There are 2 protein chains.
Amino acid sequence: MDIKQYMTRLGQQARQASRVLARANSKQKNAALNAIADLLESSMDILLAENNKDLEAGKERGLDDALLDRLALNKERVEGMAEGLRQIAALPDPVGEISDMHYQPSALQIGKMRVPLGVIGIIYESRPNVTADAAALCMKSGNAAILRGGSEAIHSNQAIAQCIKQGLKEASLPEDVVQVIETTDRDAVGELITMQEYVDVIVPRGGKGLIARISGNARVPVIKHLNGICHVYIDGRADHKKAIAVAYNAKTHRYGVCNAMETLLVDTAVATDILPELAEKYQQEGVELRCCERSALVLEGVVNTVPATAEDWDTEYLAPILSIRIVDGIDDAMEHIFQHSSGHTESIITEDYSRARRFLAEVDSSSVMVNASTRFADGFEYGLGAEIGISTDKIHARGPVGLEGLTSQKYIVLGDGHIRQ
Amino acid sequence: MDIKQYMTRLGQQARQASRVLARANSKQKNAALNAIADLLESSMDILLAENNKDLEAGKERGLDDALLDRLALNKERVEGMAEGLRQIAALPDPVGEISDMHYQPSALQIGKMRVPLGVIGIIYESRPNVTADAAALCMKSGNAAILRGGSEAIHSNQAIAQCIKQGLKEASLPEDVVQVIETTDRDAVGELITMQEYVDVIVPRGGKGLIARISGNARVPVIKHLNGICHVYIDGRADHKKAIAVAYNAKTHRYGVCNAMETLLVDTAVATDILPELAEKYQQEGVELRCCERSALVLEGVVNTVPATAEDWDTEYLAPILSIRIVDGIDDAMEHIFQHSSGHTESIITEDYSRARRFLAEVDSSSVMVNASTRFADGFEYGLGAEIGISTDKIHARGPVGLEGLTSQKYIVLGDGHIRQ
């Protein structure tokens with residue numbers, strides 16, 4: 001197979017299909033999404049059989065249990081996929097929304113209309129449910145999608161792709177609206193991320209290695225975040241109870257997620273009041289504490305700590321490990337965040353009006369919070385209704401990315417024979 | 001001079017200065033802008049003397065008259081620069097604007113806050129006034145700027161840079177908020193467009209060659225448009241008078257601008273009614289008409305025409321040349337636009353409600369108009385108050401880019417000790 005030729009064909013087909021989809025009304029798009037949901041459920045046996053092929057092959061290749069678990073489908077997970085599609089069908093359609101319409105002194109009426117980006121490339125790893133989920137988000141926002149899943153999930157993804165194609169057909173939409181790359185050849189990814197004529201944006205979903213590789217080589221814009229080094233800063237005027245609750249939740253609610261806190265900053269004014277109690281709670285959960293010299297001193301004799309190295313402040317653990325640093329007030333805390341944050345999510349715990357206001361204005365991260373757990377940084381919690389990812393870039397989409405992040409706005413201008421003088 | 005080292009230093013200084021500027025309030029930024037305006041006027045003699053050095057050197061190097069004219073400063077042009085700065089000072093400050101603030105079911109209050117992008121690199125050609133103008137737009141939107149003007153304007157740009165530095169100082173802002181690259185070495189541009197750690201976005205202002213070169217090699221996102229191949233489509237239900245007025249204005253109001261019409265599409269139903277009258281008006285202005293076979297037939301014996309070649313439909317003339325094609329209705333017109341448009345601006349002339357609605361929804365360009373001249377596609381005409389450029393990209397900023405296009409939005413989340421269950 002000539003990969004370049006194959007990918008160019010996919011790109012051209014996607015571009016053509018995207019024009020038809022951009023014109024499709026909400027009813028037609030929702031009909032397709034609901035049809036795909038029904039087809040996934042009625043194809044349960046085929047999906048599980050094809051998934052089994054992937055699982056068998058994975059075991060033979062010696063994939064570890066965690067990876068096999070991510071790869072596995074069962075009745076519940078297939079129903080979950082179908083349910084996800086129906087939820088996306090129920091969301092408001094972002095396409096065609098008109099805003100800021102106003103008259104200019106020229107008497108022209110000028111505003112903005114929300115439109116699809118065009119063609120979106122999604123690159124992901126082992127979970128087959130991403131195939132249905134990503135396809136649905138692209139479709140609903142009026143974009144054609146080219147999907148590239150992990151090679152270990154190829155049979156599952158192709159079976160899901162068949163349901164998608166059938167559902168599109170039933171709703172009289174072109175089958176090429178969603179194309180799942182059929183080859184596991186790595187060169188296909190290289191083509192996908194450089195086909196600027198055919199692909200408008202790339203969304204990588206997966207581990208850091210995948211995302212770094214893609215954003216390093218892409219010529220097409222990428223919506224991504226690389227790291228989630230999130231901070232909670234317990235200010236000198238924090239409410240004791242809120243501080244304990246939020247700092248505990250931000251670390252221990254879930255470890256392997258990008259919005260978990262990785263570094264706790266505590267104002268020296270409240271360190272002896274708050275840190276020992278908090279550290280005991282962490283210790284009960286088995287969280288390893290990597291401490292700066294001052295915090296180690298405060299915790300001496302209370303819990304076991306490990307000395308933090310310079311590297312710790314720049315590490316996303318995604319594990320029951322927390323780095324702790326005592327700082328001298330809000331300026332010191334914000335300086336630490338400036339130096340070490342990945343720009344994902346930071347939260348201040350304070351009852352002080354002016355410090356809350358400063359933290360909100362001055363911390364340059366995709367989400368900035370007051371008295372709330374970083375774990376809330378999520379498209380569903382923010383009311384987006386869906387999430388294709390979280391962006392720590394500043395260009396285009398920032399923070400949790402829902403349907404709106406997969407669209408753009410063009411200007412529309414209504415006149416009555418207006419000419420420029 | 002070690003260019004890499006020099007540029008890295010500028011980048012680091014810009015990043016540091018951007019943090020201070022991001023915190024500066026509107027009053028302080030406006031004070032700096034007004035101070036610079038005053039300094040430009042009070043430094044008139046120095047500016048003209050330094051500009052004269054550039055002009056002398058340019059003449060020696062044999063620059064043509066058009067280039068020398070763009071390069072030249074005089075009393076009026078310096079006053080124009082100062083006036084431009086005062087206008088930017090008078091615009092509303094986009095930074096800190098909060099929108100979409102609402103309560104979620106979790107009782108968290110969630111919204112978006114507009115923030116600067118950080119550091120903006122501007123690369124431009126001979127006009128020295130861009131130095132003041134671009135610096136002011138970046139400053140007002142809270143961004144530090146690194147400016148790289150044409151080598152032929154180096155003395156003028158450095159003299160303007162001195163006024164900017166002095167004005168920043170008078171307003172107690174860091175001088176590094178605006179840095180004008182002091183070397184004419186081309187490698188400096190290569191560094192600027194690849195310093196992802198220090199530069200958030202590049203805005204090239206100049207000819208197609210410059211923009212293509214930069215966007216081909218940049219690793220930093222670029223806000224740009226390459227071509228302005230704008231279309232006017234005179235529909236079968238167009239008002240005769242409006243059609244003539246708009247099509248004439250869109251071509252002849254100014255030739256060398258990106259929003260001038262380059263191709264006229266006319267529905268076959270009104271071609272014999274409208275084209276001869278319009279063609280005569282073009283001929284009086286000396287516009288060369290490059291016609292498809294059918295339009296050439298309609299104009300036979302009326303005016304001189306030239307047969308259009310395939311290349312004509314993809315050419316931005318920026319000159320008194322127009323390509324004309326007769327099409328079979330709106331679908332044919334939109335297909336031509338899809339194939340040949342650069343995505344800048346297209347206008348339909350029609351009294352038909354449904355066709356106007358379809359054209360607005362289906363044409364995928366940064367500005368889509370009904371019954372208005374393409375010449376209106378401009379930040380000032382759209383009420384943005386300023387314009388750093390026009391973007392034909394779909395990611396981030398699209399269409400005329402004002403202050404808002406130089407900003408981003410972060411999420412802000414207000415809680416009361418909220419933890420995720």
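The preceding data block contains the structure.
A brief structural summary. Values in this document were obtained by computation on a predicted structure and should not be read as measured data. (Residues numbered from 1 in each chain as written. Chains lettered and ligands numbered in written order. Predicted model: local features only at pLDDT ≥ 70, side-chain atom pairs only at ≥ 80, totals over all residues.)

Take the overall build of chain A next. Along the backbone of chain A there are 14 helices and 16 strands. With the C-alpha coordinates of chain A rotated into their principal frame, the extents come out at 75 × 70 × 35 Å. Burial analysis of chain A (421 residues in total) assigns 52% to the buried set. Pairs at least 24 apart in sequence give 72% of the contacts found in chain A among residues at least 6 apart. (Helix = DSSP H or I, 4+ residues; strand = E, 2+ residues; numbered from the N terminus. Buried ≥ 20, exposed ≤ 12 C-beta atoms within 10 Å, placed from the backbone. Contact = placed C-beta atoms within 7 Å.)

A few words on the relation of the copies chain B and chain A. Its rotation angle being 180°, the transformation that places chain B on chain A also includes 0.0 Å of axial translation and leaves an RMSD of 0.0 Å. Here the symmetry operator amounts to a two-fold rotation axis. Within chain B, the C-alpha atom positioned nearest to the axis of rotation is that of His396(B), 1.9 Å from it. Interface overlap between copies is the fraction of interface residues in one copy that are interface residues in the other; for chain B against chain A it reaches 100%, indicating a shared surface. (Least-squares fit on C-alpha atoms with pLDDT ≥ 70 in both.)

All names here are of chain A. Inspection of the secondary structure assignment puts Gln162 in helix α7 (residues 154–170). Classification of Gln162 as partly exposed rests on a count of 16 C-beta atoms within 10 Å. Separated by 122 residues in the primary sequence, Gln162 and Leu40 place their C-alpha atoms 9.3 Å from one another.

With that out of the way, let us pick up the pairing of strand β12 (residues 345–349) of chain B. All names here are of chain B. With five of five residues buried, β12 is to be regarded as a mostly interior element. Side-chain alternation along β12 places Thr345, Ser347 and Ile349 on one buried face and Glu346 and Ile348 on a second face that is also buried. Note: strand β7 (residues 230–234) against β12, four bridges, orientation parallel. By the bridge assignment for β12, Tyr233 is matched with Ile348. Where β12 lies against strand β13 (residues 367–372), four bridges are found, and the strand directions are parallel. When the sheet's bridge partners are listed, Thr345 is paired in β13 with Ser367. In this fold, β12 hands off to helix α14 (residues 353–362), which returns the chain to β13; that crossover is right-handed. (Pairing = 2+ DSSP bridges. Right-handed = clockwise from strand over helix to strand, strands pointing away.)

Read across the sheet, 10 strands follow the order β10(A)-β9(A)-β11(A)-β8(A)-β7(A)-β12(A)-β13(A)-β16(B)-β2(B)-β1(B) without closing on themselves; strand pairing throughout is mixed. The open sheet has two edge strands, β10 (306–307) of chain A together with β1 (98–103) of chain B, and neither has a second partner. Strand contacts of helix α10 (residues 240–252) of chain A: β7 (230–234), β8 (261–267), β11 (321–327), β12 (345–349) and β13 (367–372) of chain A together with β16 (407–418) of chain B, with the helix running at about 165° to β7(A), the strand carrying the most contacts. Strands β7, β8, β9 (288–291) and β11 of chain A of the sheet are contacted by helix α11 (residues 268–284) of chain A, whose axis makes an angle of about 145° with β8(A). (Axes fitted to C-alpha atoms, helices over the stretch in contact; angles between N-to-C directions.)

In this section: the packing of helix α2 (residues 26–42) of chain B against helix α5 (residues 75–90) of chain B. All names here are of chain B. Where α2 meets α5, the closest approach of the two axes is 9 Å, and the angle between their N-to-C directions is 170°. It follows that α2 is roughly antiparallel to α5 by the angle criterion. Judged by residue contacts, Asn30, Leu33, Asn34, Ile36, Ala37, Leu40 and Glu41 of α2 engage Val78, Glu79, Met81, Ala82, Leu85, Arg86, Ile88 and Ala89 from α5. Counted by class, the contact of α2 with α5 contains 10 nonpolar, two polar and three charged residues. (Parallel < 35°, antiparallel > 145°, perpendicular 65-115°, else oblique. Nonpolar A, V, L, I, M, F, W, Y, C, P; charged D, E, K, R; others polar.)

Residue and element names in this part refer to chain B. Closest axis-to-axis distance for the helix α3 (residues 44–60)/helix α7 (residues 154–170) pair is 7 Å, and the angle between their directions is 160°. By the angle class used here, α3 and α7 are roughly antiparallel. Touching Ile46, Leu47, Glu50, Asn51, Lys53 and Asp54 of α3 are Ile154, His155, Ser156, Ala159 and Ile160, all from α7.

Grouped together as the largest cluster of nonpolar side chains are 131 residues, with contacts concentrated most on Ile36(A), Leu40(A), Leu85(A), Ala134(A), Ala135(A), Ala145(A) and Ile202(A). The leading source of residues in this core is helix α6 (residues 129–140) of chain A, at eight residues. Residues within four places of Leu85(A) in sequence aside, it is in contact with Leu33(A), Ile36(A), Ala37(A), Ala132(A) and Ala136(A). Formed by 128 residues, the second largest nonpolar core is a distinct cluster that contains Ala89(B), Ala247(B), Leu289(B) and Val401(B). (Core = buried A, V, L, I, M, F, W, Y, C linked by C-beta atoms within 7 Å.)

On the chain A side, the residues contacting the 58 residues of chain B number 58 residues. Only α1 (3–23), β2 (109–116), α10 (240–252), α14, β13 and β16 of chain B provide two or more residues apiece to the side of chain B that touches chain A. Residue contributions to the side of chain B that touches chain A peak at 11 residues, all from β16(B). Taken together, the residues of the side of chain B that touches chain A sort by class into 24 nonpolar, 19 polar and 15 charged. Summarising the sheet, β13(A) and β16(B) pair through five bridges and their orientation is parallel. The residue of β16(B) that forms the bridge with Met369(A) is Val413(B).

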